[in-house]
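# Breakdown of the fold
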Amino acid sequence: GIRDIGVTGVQTCALPIFPVVLADLDTPTPDAGIDLIKFVRERSPLTAVVVMSRRIGFDAIAPVFRAGATDVIPKAREYVRDLRDRVVKAASDVKAAMAREQLLVDLVELNEELLRKLMALSRQATDAEDKLIEREGGLSSSASGLGALNLLLVDDDRSEERRVGKECRSRW
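Residues numbered from 1 in each chain as written. Predicted model: local features only at pLDDT ≥ 70, side-chain atom pairs only at ≥ 80, totals over all residues. Heavy atoms only, no water.

Further remarks concern the overall build of the protein chain. Looking only at helices and strands, one finds 6 helices and 3 strands in the protein chain. Starting at the N terminus and walking to the C terminus, you meet the elements of the protein chain as α-β-α-β-α-β-α-α-α. Taking all contacts inside the protein chain whose residues are at least 6 apart in sequence as the whole, residues at least 24 apart take part in 52%. Working note: accessible area of the protein chain is about 12,900 Å², and carbon and sulfur atoms make up 57% of it. (Helix = DSSP H or I, 4+ residues; strand = E, 2+ residues; numbered from the N terminus. Contact = heavy atoms within 4.5 Å. Areas by Shrake-Rupley, 256 points an atom, 1.4 Å probe, with all protein chains shown as cover.)

Have a look at this one:
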């Protein structure tokens, strides 16, 4: 569980969203990095997790990728330069993904605003058409498409029935 990761790693990851987390697979205990990867992926799905490991065999690395790691780098001196390049690339990829996510959010907001405006314009056009038809003495465009209207009113108060009946007859 999370207790195996080490308090400082969890506390740090719980603060802001980082584009890249660089973790050691076996710190503080063997395979503790897997729990950290899962924790980071749950909290920040866009964050890239690059894992360093002294073990590079399939059995050691496969669970790391299954947990959601972006990359695994052998923990050896000759890979230091490669480590830097991979972390920079992972950060660049996350930045691009975040920009895409923001673009999608912006597009959804624009689409919703466009729909609201189109609906308002449609209501205004219908109202204007109804006023024009009313001036000419015809039925409103919204009422003309209804055809016959049958109304069943069930109420103990007969006065309400008479009022609704008068109102309907006067309009149509």
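Still more ground to cover, so stick around.
Spatial ordering of the open sheet is given by β1-β2-β3, a layout of 3 strands whose pairing is parallel. The sheet is open, and its two edges are formed by β1 (20-24) and β3 (71-74), each paired on a single side. Ignoring strand direction, the axes of neighbouring strands in this sheet form an average angle of 25 degrees. Most of the contacts of helix α3 (residues 58-67) go to β3, to which it runs at about 150 degrees, and overall it touches β2 (48-53) and β3. Most of the contacts of helix α4 (residues 80-135) go to β2, to which it runs at about 165 degrees, and overall it touches β1, β2 and β3. (Pairing = 2+ DSSP bridges. Axes fitted to C-alpha atoms, helices over the stretch in contact; angles between N-to-C directions.)

Moving on, we come to the side chain of Asp24. With respect to the helices, strands and loops of the structure, Asp24 is situated in strand β1. Within the structure, Asp24 has its side chain in polar contact with the backbone nitrogen of Asp26 (distance 2.9 Å). In this view, Asp24 contacts Gly33, Met52 and Lys75; residues no more than four positions away in its chain are not counted. (Polar contact = N/O pair within 3.5 Å; in protein donor to acceptor, adjacent residues only side chain to side chain.)

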